[in-house]
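These are the residues of each chain, in order.
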Amino acid sequence: MSGSTRKGTLLLTAAQLWHAVSGYIAFVVGARILGRDDYDGFVLVAWTMTTLEIFVVEGVPRAVSWWTARVSEGAAGIARRGFFLTVLVGVLLGGTLAVLAPLIAGVWREPDLVGAIRLSGLDFVAFAGFAVLVQSVNGLRRYNLQAGVWFLYSTAKVLAIVGFLRLGWGIEGAILGYIVASSIGSLGAAVLAGPH
């Protein structure tokens with residue numbers, strides 16, 4: 001393992017640690033600001049959103065990393081195709097969630113969460129650029145850059161969620177924080193790691 005690879009691996013590990021800590025901070029602050037009833041609703045919506053996000057993160061972006069590692073000279077084209085496919089997955093997933101939101105809220109016996117559930121579907125599209133480009137730079141073994149994008153996303157997430165909660169925007173504000181952070185992460189990934 002070269003020195004730059006070792007340094008990149010350590011930075012990526014630190015970025016993942018910060019991602020976990022920032023998520024913890026967001027949930028602790030959420031619990032204190034929202035109170036028990038609203039916090040339970042926030043957890044239900046956030047859990048559903050982040051669980052379904054696996055379909056955005058695991059499929060095409062993993063393939064982008066695999067193909068980029070093998071055909072590095074075609075990384076830009078691979079990332080572009082991967083991005084459009086991931087956006088399509090995000091749109092389909094978000095649309096499905098929007099249609100099923102009343103049913104999901106009914107199963108939870110939380111009819112007030114329909115709006116938050118529908119709003120959460122936007123995160124799948126906002127997250128697409130981040131998901132694809134982070135895997136693209138991983139395939140290129142540019143771990144320093146990958147770590148930098150992760151730090152940006154995690155910091156934006158905790159600041160946006162806590163900021164909207166402190167403004168009194170409730171559950172929808174917390175979910176909006178995810179969407180804003182995903183948008184910033186995707187934009188940052190496009191600027192720092194996107195195909196040029």
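What this report covers is the structure whose coordinates are included nearby. Computed from a prediction, not measured in an experiment: that's the story for all the values here.

Rules and cut-offs
Residues numbered from 1 in each chain as written. Predicted model: local features only at pLDDT ≥ 70, side-chain atom pairs only at ≥ 80, totals over all residues. Heavy atoms only, no water. Patch = residues over 30% accessible without salt bridge, like charges linked within 9 Å, V, L, I, M, F, W, Y side chains within 5 Å. Areas by Shrake-Rupley, 256 points an atom, 1.4 Å probe, with all protein chains shown as cover. Salt bridge = Lys/Arg side-chain N within 4 Å of Asp/Glu carboxyl O. Helix = DSSP H or I, 4+ residues; strand = E, 2+ residues; numbered from the N terminus. Expected span 1.5 Å × (residues − 1). Bend = angle between axes of the 7 residues up to and from the residue. Buried < 20%, exposed > 50% of the residue type's maximum accessible area, 1.4 Å probe, protein only. Axes fitted to C-alpha atoms, helices over the stretch in contact; angles between N-to-C directions. Parallel < 35°, antiparallel > 145°, perpendicular 65-115°, else oblique. Left-handed = near helix turned anticlockwise from the far one by under 90°. Contact = heavy atoms within 4.5 Å.

1. Side note on a nonpolar patch on the surface
Then, number 1: A cluster of nonpolar residues, Leu152, Ile184, Leu187, Val191 and Leu192, forms a patch on the protein surface that exposes about 430 Å² of accessible area.
Then, number 2: A total of 4 residues in the nonpolar patch trace back to one element, the largest contributor, which is helix α9 (residues 170–193).
Then, number 3: Mapped onto the elements of the fold, leucine 192 is located in helix α9.

2. Re helix α4 (residues 75–108)
Then, number 1: The first and last C-alpha atoms of α4 sit only 43 Å apart over 34 residues, clearly below the 50 Å expected at 1.5 Å per residue.
Then, number 2: The largest bend in α4 comes to about 55°, at leucine 100, with the proline proline 102 one to four residues further on.
Then, number 3: Ala75, Ile78, Ala79, Gly82, Thr86, Gly90, Leu93, Gly94, Leu97, Ala101, Ile104 and Ala105 are the residues of α4 that are buried.
Then, number 4: Just beyond α4, the residue with positive phi is arginine 109, at close to 60°.

3. Digging into the packing of helix α7 (residues 128–139) against helix α8 (residues 143–166)
Then, number 1: The interhelical angle for the contact between α7 and α8, taken along N-to-C directions, is 155°, at an axis separation of 8 Å. When the axis of α7 is compared with that of α8, the two are roughly antiparallel. The way α7 lies across α8 gives a crossing that is left-handed. Facing α7, whose interface residues are Phe130, Val134, Val137 and Asn138, α8 presents Tyr143, Leu145, Gln146, Val149, Trp150 and Tyr153.

4. Section: the environment of leucine 192
Then, number 1: Given a relative accessible area of 43%, leucine 192 falls into the partly exposed group.
Then, number 2: Residues leucine 192 and glycine 148, 44 residues apart in the sequence, show an inter-C-alpha distance of 8.7 Å.

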